[in-house]
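Results of the structural survey
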Amino acid sequence: TGYQRRVRGSTERAMSSTEPLPRSVSFGTAGMGGILGWICVHPANTVAVRMNLASMSNSNAPSPSFLKFALELATKDGLAGLYAGLGAGILRQVFYATSRFGLFEVFRDSLAKYRETDIWSRLLTGCTSGGIAALISCPVEVTLVRMSNDMSLPVDKRRNYGNVLNAGTRIIREEGFSAFYRGCMPFVNRAILVGACQVGTYDQFKSTYRSLGVTGKTSNVFCAAMTSGLLYAAVTNPLETAKNRMAFQTKDKQGNLPYKSTVQTLQKIAGEEGAAMLWKGFPAYYLRCGGHTVSMFIFVELLRDQYRSSR
């Protein structure tokens, strides 16, 4: 009957929404979601990086608000300046978002064969996938930081990178391949925390909000993503500061680098400029973190729903 066909159809759709996705689809939608989400928040990332590195050259100057700094930046460099380094940002998501979220699901599902999936297993798999993803994408991360901040330098000190490929090849030629991993440990440490605080807690917050009655797909994803984004922004901002300082530093007259390790960088900034400087540019950083977390996971869900409906 017509009623039976409707029941059977709804049952098949419900089953298809819970069936495991092919690995290629899981990794592919993770990467595409990361790219689309990054395009939305790249200007906020540019402002956050510029605010963070501006304190490096003049730590005693009063800190402008995020909105004021963004407006001054847009006025000085134009709207195109806010999208400086977008190519590197997109390339970063190809490696970072794809491997981080894709590996998280692989590790989570593999671990579920041996124990119940809970907050601790999610945190463990989030840390592991985040660290591996950082090692894979560190060269692109350094390129992104360089391109995002190059226009803020005095004209005679700008590197004037033409594009992502030009920036990458010049870094290798002028400074050696090791320059890509100069800020590796802060990035890896930050990525481990991001994996736990963003991906791991996002997965957990979805279950928590669902139990609290937030069952709509979009509302559930939004609430879980904003909460995990706030948590991971607060936890990882100091490591983001250390990563940017180490990635963009230059040698002094004696040929020495001022920042040598994650711990030493954090201690040097806190000791010389105050602990609050580790959270320099937090509003912009949270706008990037929360905005990217929300938009990325919404795009991932939309892409996966589109794939399921097309089968």
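The paragraphs below set out a description of the structure included in this document. Being a predicted model, the structure only gives us computed values, none of them experimental. (Residues numbered from 1 in each chain as written. Predicted model: local features only at pLDDT ≥ 70, side-chain atom pairs only at ≥ 80, totals over all residues. Heavy atoms only, no water.)

1. Things to note about the overall build of the protein chain
The helix and strand inventory of the protein chain stands at 11 helices and zero strands. Listed N to C, the secondary structure of the protein chain is α-α-α-α-α-α-α-α-α-α-α in terms of helices and strands. Counting across all 311 residues of the protein chain, residues that qualify as buried make up 47%. In the protein chain, the proportion of contacts linking residues at least 24 apart, taken out of those at least 6 apart, comes to 78%. For the protein chain, the accessible area works out to roughly 14,700 Å², and carbon and sulfur atoms hold 63% of it. (Helix = DSSP H or I, 4+ residues; strand = E, 2+ residues; numbered from the N terminus. Buried < 20%, exposed > 50% of the residue type's maximum accessible area, 1.4 Å probe, protein only. Contact = heavy atoms within 4.5 Å. Areas by Shrake-Rupley, 256 points an atom, 1.4 Å probe, with all protein chains shown as cover.)

2. A few points about helix 7 (residues 164-175)
With 12 residues, helix 7 extends 16 Å between its outermost C-alpha atoms, agreeing within 8% with the 16 Å of an ideal straight helix rising 1.5 Å per residue. All of the buried residues in helix 7 are Ala167, Gly168, Arg170 and Ile171. Buried residues of helix 7, viewed axially, fall in a sector of 165°; they line one side. In helix 7, the exposed positions that point more than 90 degrees away from the buried face belong to Leu165 and Arg173. Its side-chain oxygen placed 3.1 Å from the backbone nitrogen of leucine 165, asparagine 163 serves as the N-cap of helix 7. Of the residues flanking the end of helix 7, it is glycine 176, one or two places downstream, whose phi is positive at about 90°. (Expected span 1.5 Å × (residues − 1). Arc of directions from axis to C-beta. Polar contact = N/O pair within 3.5 Å; in protein donor to acceptor, adjacent residues only side chain to side chain.)

3. Here we look at the nonpolar core
Judged by nonpolar contacts, the single largest core of 14 residues is most densely connected at Tyr96, Ala134, Phe187, Tyr232, Tyr285 and Cys289. Of all the secondary structure elements, the ones that give two or more residues to this core are helix 6 (119-149), helix 8 (184-211), helix 9 (217-248) and helix 11 (282-310). When residues in this core are grouped by element, the largest group, six residues, is from helix 8. Leave out the neighbours within four places in its chain, and tyrosine 285 touches Ala48, Arg190, Tyr232, Ala233, Thr236, Asn237 and Glu240. By size, the runner-up hydrophobic cluster in this structure holds 12 residues, among which are Tyr202, Ala225, Phe297 and Val300. (Core = buried A, V, L, I, M, F, W, Y, C linked by side-chain atoms within 4.5 Å.)

4. A short note on a nonpolar patch on the surface
A surface patch of nonpolar side chains, about 360 Å² in accessible area, is lined by Leu91, Val94, Phe95, Ile132 and Ile136. Those elements that provide at least two residues to the nonpolar patch are helix 5 (86-111) and helix 6. On the secondary structure map, isoleucine 132 appears in helix 6. (Patch = residues over 30% accessible without salt bridge, like charges linked within 9 Å, V, L, I, M, F, W, Y side chains within 5 Å. Salt bridge = Lys/Arg side-chain N within 4 Å of Asp/Glu carboxyl O.)

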